[in-house]
Amino acid sequence: KSLIDVNNKPIIEHQIDILKQMKLDRIVVITGSNNEKFELKNVQYIKDVNYDKHDILGSLIVAKDYIKGETVIIYSDILFDVITLEQIIQQECDIGVAIDMDWKKAYEGRTFHPLTEAENVLLSDDKNILKIQKNIKSREENIGEFLGLIKLSSHGSKIFTDKFEYLLTNHIGTFHDAASLKKAYVTDFIQELVDSKIFVAPILISGKWCEIDTNQDLERAQKIFP
């Protein structure tokens, strides 16, 4: 999906352009089934040879040896502007996730990707993360949408990878909303961190961004990022 063109430029190239504007030039790309189609220069590729045996979290952890120092983790199907990335990088925290509290307006007219598909984040009254999962139903107003962007400090990177290594060795059975750790999403792992009393900071963004899941989303993205 990251190779789909948005106004004659693949999603991944839009992302890399923004990273380079922010002087983030050590870029690692995790590939799966279409490894041979990636031809970008000046990036490091990590091939996930077992992509069909696990879900998103497993693919991310294939590159765990590169999750060191200050790190930004980016989903492959999102576009964002410099303002959004600046807000994420400047947040002082060990582990932080980007959240859009004004998320519902992006679903107006989005008939092929309804509100129920959103990866929501429920915040407490004092703006701490309580829950992260798809389609959170709550009477509370403190619900946002996770962008698919995570910021880690050097210490946060160690917490992140150490926790996964521990789970890989010790966890058995279902894992939050997933049937198993192998089938888990990144959001399942974030929920595990929260439940383990590891502080995950909500980074409330106000820049432009969009997720591309359908042709309808693609048309919208082309208007937002001309």
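Cut-offs applied
Residues numbered from 1 in each chain as written. Predicted model: local features only at pLDDT ≥ 70, side-chain atom pairs only at ≥ 80, totals over all residues. Heavy atoms only, no water. Helix = DSSP H or I, 4+ residues; strand = E, 2+ residues; numbered from the N terminus. Polar contact = N/O pair within 3.5 Å; in protein donor to acceptor, adjacent residues only side chain to side chain. Contact = heavy atoms within 4.5 Å. Salt bridge = Lys/Arg side-chain N within 4 Å of Asp/Glu carboxyl O. Buried < 20%, exposed > 50% of the residue type's maximum accessible area, 1.4 Å probe, protein only.

Caption draft 1: Molecular detail of the side chain of Asp-188. As for its placement among the helices and strands, Asp-188 is situated in helix H5 (residues 186–195). Among the polar contacts listed, one links the side chain of Asp-188 to the backbone nitrogen of Asp-177, at a separation of 3.1 Å. Setting aside residues no more than four positions away along its own chain, Asp-188 makes contact with Phe-175, His-176, Asp-177 and Ala-178.

Caption draft 2: Up close: the pattern of salt bridges. A full pass over the atoms with the stated rule returns 11 salt bridges. Two residues, Lys-105 and Asp-102, come together in a salt bridge whose shortest N-O distance is 3.2 Å. Of the residues examined, Asp-102 reaches a relative accessible area of 46% and is grouped as partly exposed. Residue Arg-110 is joined to Glu-211 by a salt bridge in which the shortest nitrogen-to-oxygen separation is 3.6 Å. In this pair, Arg-110 is assigned in the loop between strand S5 (95–100) and strand S6 (119–123) and Glu-211 in strand S10 (residues 209–211), connecting sequence segments 101 residues apart. Accessibility classification places Arg-110 together with Glu-211 in one group, the buried group. Three or more residues are tied together by salt bridges with common partners; here these are Lys-1, Asp-77 and Asp-213.

Caption draft 3: Layout of the environment of Ile-129. Residue position: Ile-129 is located in strand S7 (residues 129–134). Judged by relative accessible area, Ile-129 falls into the buried class, the value being 8%. For the pair formed by Ile-129 and Ala-98, sequence separation is 31 residues and the distance between their alpha carbons is 11 Å. Beyond its immediate stretch of four places on either side in the chain, Ile-129 contacts Val-97, Ile-99, Val-121, Leu-122, Leu-123, Val-194, Val-200, Ala-201 and Pro-202.

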